[in-house]
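# Geometric and topological summary
Single-letter residue listing:
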Amino acid sequence: MIYYRVETVEWETKKIRGGYISALEALFLETLGLKPGCSAEEWTEAVRNSDDPEVRELWISTALLGDIPVPDVYEEDKDNNICLYQEYEFEEERVEFDYISELLDERTQGKLCLIAREFDIPDEELLYEDGYQVVVSKKAYEKYDPGFEDVIRLGTYGYDEDDWDEEDEDV
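Residues numbered from 1 in each chain as written. Predicted model: local features only at pLDDT ≥ 70, side-chain atom pairs only at ≥ 80, totals over all residues. Heavy atoms only, no water.

### Description of a negative patch on the surface
Residues Glu-87, Glu-91, Glu-118, Glu-149 and Asp-150 make up a contiguous surface patch of negative charge. Locating Glu-118 in the fold gives a position in strand E4 (residues 112-120). Taking the relative accessible area as the measure of exposure, Glu-118 reaches 33% and is therefore partly exposed. (Patch = residues over 30% accessible without salt bridge, like charges linked within 9 Å, V, L, I, M, F, W, Y side chains within 5 Å. Areas by Shrake-Rupley, 256 points an atom, 1.4 Å probe, with all protein chains shown as cover. Salt bridge = Lys/Arg side-chain N within 4 Å of Asp/Glu carboxyl O. Lys, Arg positive; Asp, Glu negative; His and termini not counted. Charge placed at Lys NZ, Arg CZ, Asp CG, Glu CD. Helix = DSSP H or I, 4+ residues; strand = E, 2+ residues; numbered from the N terminus. Buried < 20%, exposed > 50% of the residue type's maximum accessible area, 1.4 Å probe, protein only.)

Written out as structure tokens, the structure reads:
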């Protein structure tokens, strides 16, 4: 089966900087003018008092992406377990991931973006599965890591940049 992991990457170096949640948090903090480590109260008040439409869009993205239950097996050992999207759920959330990636790309002048990595992992490696996601061990994640050869750069609205031909670039 094919599963997906969405990550924030420094595009030139291909260095992973975190998952998509770290990108969302950074975008929120910058848009709200808050510093990392601010309190939940400061965060809540800034969101409530903001009239910036981008804050509203980020809030909607957060709500749509955050509606998946966090599996107990993941919570119990976050350092050694990794959540991957089921293909259907990844495709359902693709518009939100593309939006976040476009915004991240714009704000960082192309240095950071979201990527999706496809994993083909056998059922016997799964620690948990539901209709939204699977959990695998970090060892299985590394064993089946596809690298960056077939990475999907999100924010391109369904097209991997390597798939674009010269005609498409003029559109």
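Alright, that's what it looks like, and here's the rest.
### Re helix H1 (residues 20-32)
Here H1 is 13 residues long and its end C-alpha atoms lie 18 Å apart, about the 18 Å a rise of 1.5 Å per residue gives. Taken together, the buried positions of H1 are occupied by Tyr-20, Ala-23, Leu-24, Leu-27, Phe-28, Leu-29, Thr-31 and Leu-32. Gly-33 lies just past H1 and shows a positive phi near 75°. (Expected span 1.5 Å × (residues − 1).)

### Quick word on the packing of aromatic side chains
According to the stated counting rule, one finds 8 aromatic pairs in the structure shown. Consider the rings of Phe-28 and Trp-43, whose centres lie 5.4 Å apart with planes at 50°: the pair is tilted. A residue pair is termed long-range when its members are at least 10 positions apart, and Phe-28 in helix H1 and Trp-43 in helix H2 (residues 40-49) qualify at 15 residues. Geometrically, the ring pair formed by Tyr-85 and Phe-97 is edge-to-face, given 5.5 Å between the ring centres and 80° between the ring planes. (Phe/Tyr/Trp six-rings, centres within 6.5 Å; stacked < 30°, edge-to-face > 60°.)

Shape is all these values report; function is a separate question.
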